Amino acid sequence: MKVKELREALSKFPDDMEVMTKKTEIFGNIAHIFSVRQDSYGFFGADIPCVLLTDEDDEEGEEEE
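Since the structure is predicted, the reported quantities are computational estimates derived from the model, not experimental observations.

## Quick look at the packing of aromatic side chains
Here the distance between the centres and the angle between the planes together describe a pair of aromatic rings. Applying the stated criterion to the full structure yields one aromatic pair. When the centroid spacing of 4.6 Å and the interplanar angle of 80 degrees are considered together, the rings of F43 and F44 count as edge-to-face. Take F44: its relative accessible area is 79%, and that puts it in the exposed class.

The structure is reproduced here in structure tokens:
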């Protein structure tokens, strides 16, 4: 994924939204991101919305256009 593609994918989300990553490889960069989608994570009982960058073909999420 190039900077231009990442900017376009992130432009759909609010500027104050957290960004999380889900990667199968521990090391590396985000060059092989498969999808950028809205998700959420739990923190001390709170459900916090976030943008999830993942390098997996995630069945519950869809690739953002």
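The structure having been displayed, the exposition proceeds.
## As for the pairing of strand β3 (residues 46-54)
Within a regular strand, the side chains alternate between the two sheet faces. When strand β1 (residues 18-22) meets β3, the two strands line up parallel, connected through five bridges. Each residue of the ladder has a partner; that of M20, found in β3, is L52. The loop that links strand β2 (residues 35-43) with its antiparallel partner β3 comprises two residues; one of these, F44, has a positive phi angle of about 50 degrees.

Quick notes on the rules
Residues numbered from 1 in each chain as written. Predicted model: local features only at pLDDT ≥ 70, side-chain atom pairs only at ≥ 80, totals over all residues. Heavy atoms only, no water. Phe/Tyr/Trp six-rings, centres within 6.5 Å; stacked < 30°, edge-to-face > 60°. Buried < 20%, exposed > 50% of the residue type's maximum accessible area, 1.4 Å probe, protein only. Pairing = 2+ DSSP bridges. Helix = DSSP H or I, 4+ residues; strand = E, 2+ residues; numbered from the N terminus.

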